[in-house]
Amino acid sequence: MGPLGAAEVGLDITWAVDWVRRGAETLSEHRVELITLDREIGDGDHGENMDRGFQAVLPKLDDLPAGSTPADVLKLVATTLISTVGGAAGPLYGTAFLKGSAAIAGESSIDAAGVVSLLEASRDGIVARGKAESGDKTMVDAWTPAVDAARAAADGGASAAETLRVAADAAAAGSDATIPLVARKGRASYLGERSAGHRDPGAQSTAYLLEAAAAAASNGTSA
Amino acid sequence: MADGGRIGIVVVSHSEQLAAGVVELAHQMAPNVRIEPAGGTDDGRIGTSFELVTAAIGAADAGTGVVVLCDLGSAILTAETAMDFLDEDQRERVRIADAPLVEGAVAASVAAESGDPLETVVRAAESAGGGGAAPGAPAGGLGEGPADVGTSGRISRRITLTNSDGLHARPAAELVKLASTFSQRVTVNGIDAKSLLAIMALGLVKGDEVEIATDDAAGAGAVDAIADLASSGFGEH
């Protein structure tokens with residue numbers, strides 16, 4: 001599937017809702033895995049918190065008024081995560097979705113450039129909130145490669161769905177790359193050198209969420 | 001207004017019990033300050049709650065400002081997020097102190113009790129983390145009885161602590177509160193009498209001799225008042 005095949009297909013409210021549903025599904029599916037990762041270098045609540053937060057969003061999707069935009073969906077996710085997730089993930093992902101929502105506010109459908117804006121604003125929100133930098137062994141290490149890959153793809157003429165696909169792949173690779181790192185931010189930083197050799201759970205949940213976004217987008221274009 | 005327009009304090013902890021305990025401890029020294037706990041998640045698990053923090057800030061704010069103390073990293077993230085959602089005029093009078101939870105909450109509460117403004121309460125919290133590095137005992141001769149006026153203008157009195165617990169939390173807080181009512185700088189064994197944590201760090205116990213002093217010529221009243229309080233036994237006789 002080249003740029004010509006899908007370049008004109010934007011991502012609309014159906015995609016956004018599907019992203020959240022797939023996100024909730026994948027986080028439920030990987031709940032125990034994320035708990036285990038977090039138990040190794042953190043406090044063990046990440047899988048539980050992310051699952052709880054996204055499950056809380058699901059019933060609210062049905063109440064979205066007609067004419068809602070993708071930004072409205074992301075804002076709903078943001079406020080729900082902030083008020084239901086008790087760990088660091090609530091404020092961090094809440095801020096990410098809030099800033100991402102603001103970046104595409106009012107758009108009924110977003111193109112590849114919109115995907116880049118959304119991802120970049122989300123990443124910047126996380127950095128501003130958590131004050132982590134690349135290489136600190138946090139979710140930023142999944143977000144930043146995703147933003148960079150998305151921008152390169154969009155500049156090269158990729159469709160919105162293709163842009164999300166390369167972003168998701170880059171996030172997954174970024175999560176893998178956290179394994180040897182020594183944590184400098186978050187609860188894992190208390191472990192110092194002992195945090196090396198473990199995957200960062202926040203980077204992994206980011207990889208799962210962007211994978212869900214990409215899967216929802218490719219589902220939309222192929223349907 | 002029961003709180004006299006004092007700065008309010010919010011204690012954010014991952015643990016409901018820890019937040020409640022810190023509030024209890026701080027309230028002992030600052031009974032007239034609004035000190036609100038925001039501990040645990042909405043449903044009582046370990047974590048922090050955006051809703052509880054937001055509600056606590058609202059309850060602590062008498063209109064003059066609120067200082068927020070946090071335990072671990074994500075408590076700060078939650079508090080910062082809650083601040084983002086406040087009305088702009090309220091957000092401007094809320095500060096998150098970069099301070100250890102217990103020491104910071106106690107120091108901030110005592111400063112608030114004394115009627116200090118927002119920035120001073122923040123500083124009290126943030127200076128509480130230094131461990132109160134107690135310098136050595138003061139040099140100087142033995143002056144007994146009423147305040148001595150030395151040749152350098154130094155005024156001092158030496159008293160002996162008679163209460164069973166010495167300058168522990170409550171007496172230390174009373175002494176600091178009294179010292180804070182005077183504009184002059186007064187020291188207790190060389191330590192600023194307005195710094196609760198530093199006074200407590202002296203670890204003075206029953207029977208210890210204490211020098212109350214000032215270099216301010218106008219400070220005789222302050223020295224006498226503080227020395228009278230310290231030698232009175234703080235009502236513990």
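Worth saying up front: this structure is predicted, and the values here are computed from it rather than measured.

**A look at the overall build of chain A**
Item 1. Assigned secondary structure in chain A consists of 10 helices and 0 strands.
Item 2. Going from the N terminus to the C terminus, chain A shows its helices and strands as α-α-α-α-α-α-α-α-α-α.
Item 3. Structurally, chain A occupies a C-alpha span of about 50 × 40 × 30 Å along its principal axes.
Item 4. A buried classification covers 54% of the 223 residues belonging to chain A.
Item 5. As presented, chain A carries roughly 8,700 Å² of accessible surface, and 54% of it is formed by carbon and sulfur atoms.
Item 6. Of the side chains in chain A, 19 bear a positive and 30 a negative charge, and the two mean positions are spaced by 8 Å.

**A few points about helix 8 (residues 140–155) of chain A**
Residue and element names in this part refer to chain A.
Item 1. With 16 residues, helix 8 should cover 22 Å at 1.5 Å per step; its first-to-last C-alpha distance of 22 Å lies within 8% of that length.
Item 2. Taken as a whole, helix 8 has its buried residues at Val-140, Asp-141, Ala-142, Trp-143, Thr-144, Ala-146, Val-147, Ala-150, Ala-153 and Ala-154.
Item 3. Positive backbone phi, at 95 degrees, marks Gly-157, one or two positions downstream of helix 8.

**Here we look at the sheet that holds strand 4 (residues 94–96) of chain B**
Residue and element names in this part refer to chain B.
Item 1. Here we have 4 strands laid out as an open sheet, ordered 2-1-3-4, and parallel in their pairing. Sheet topology places strand 2 (35–39) and strand 4 at the edges, where each strand pairs with a single neighbour. Across the sheet, the mean angle separating the axes of adjacent strands is 20 degrees when strand polarity is ignored.
Item 2. One ladder, built from 3 bridges, connects strand 3 (residues 66–70) with strand 4; its direction is parallel. The partner of Val-67 across the bridge, within strand 4, is Arg-95.
Item 3. Helix 1 (residues 16–29) contacts strand 1 (8–13) and strand 2 of the sheet and is inclined by roughly 165 degrees relative to strand 2.
Item 4. The sheet strands contacting helix 5 (residues 101–113) are strand 1, strand 2 and strand 3, and the helix crosses strand 1 at an angle near 170 degrees.

**With respect to the interface of chain B and chain A**
Item 1. Residue-level contacts link 17 residues of chain B with 18 residues of chain A.
Item 2. Interface area, chain B with chain A, both sides summed: about 1,300 Å², of which 51% is carbon and sulfur.
Item 3. Across the contact surface, chain B and chain A share 4 salt bridges.
Item 4. In this structure, Lys-131 of chain A and Glu-80 of chain B form a salt bridge, with 3.5 Å as the shortest nitrogen-oxygen distance.
Item 5. The tally of links between chain B and chain A comes to 4 residue pairs in polar contact (both at pLDDT 80 or more).
Item 6. Here the element with the most residues in the side of chain B that touches chain A is helix 3 (residues 73–84) of chain B; it accounts for 6 residues.
Item 7. Taken together, the residues that form the side of chain B that touches chain A break down as 4 nonpolar, 7 polar and 6 charged.

Criteria and cut-off values
Within each chain, residues carry numbers counting from 1 in the order of the written sequence. By the order in which they are written, chains take letters starting at A while ligands take numbers starting at 1. With pLDDT at 70 or above as the cut-off, local features in this predicted model cover only qualifying residues; side-chain atom pairs require 80 or more to be listed or tallied, and sums for whole chains, interfaces and linings still use all residues. Hydrogens and water molecules were not included; the side-chain quantities draw on all heavy atoms of the structure. Labels follow the DSSP assignment, with helices taken as runs of H or I lasting at least four residues and strands as runs of E lasting at least two, numbered in each case from the N terminus. Type-normalised accessible area, obtained with a 1.4 Å probe on protein chains alone, sets the label of each residue: buried when under 20%, exposed when over 50%, and partly exposed for intermediate values. The Shrake-Rupley method, run with a 1.4 Å probe, gives the accessible areas here. Residue values count only the displayed protein chains as cover. His is not counted, nor are the chain ends; Lys and Arg add positive charge and Asp and Glu add negative charge. Every charge is mapped onto a representative atom, which is NZ of Lys, CZ of Arg, CG of Asp or CD of Glu. Each residue after the first adds 1.5 Å to the expected span of a helix. Only when DSSP finds a minimum of two bridges between them are two strands counted as paired. Axis geometry follows a simple rule: fit a line to the C-alpha atoms, using only the stretch in contact for helices, then measure angles between N-to-C directions, giving values from 0 to 180 degrees. Contact between two residues is taken to exist if any of their heavy atoms lie within 4.5 Å; hydrogens are not considered. The term buried area denotes the loss of accessible surface (1.4 Å probe radius) that occurs when two parts are joined, taken as the sum for both partners. Each salt bridge in this description consists of a side-chain nitrogen of Lys or Arg and a carboxyl oxygen of Asp or Glu lying within 4 Å of one another. Within 3.5 Å is the distance limit for a polar contact, defined as a pair of N or O atoms, with the added protein rule that one can donate a hydrogen and the other accept it, and that residues adjacent in sequence qualify only through two side-chain atoms. Three classes are used: nonpolar for Ala, Val, Leu, Ile, Met, Phe, Trp, Tyr, Cys and Pro, charged for Asp, Glu, Lys and Arg, and polar for all others, with Gly counted as polar.

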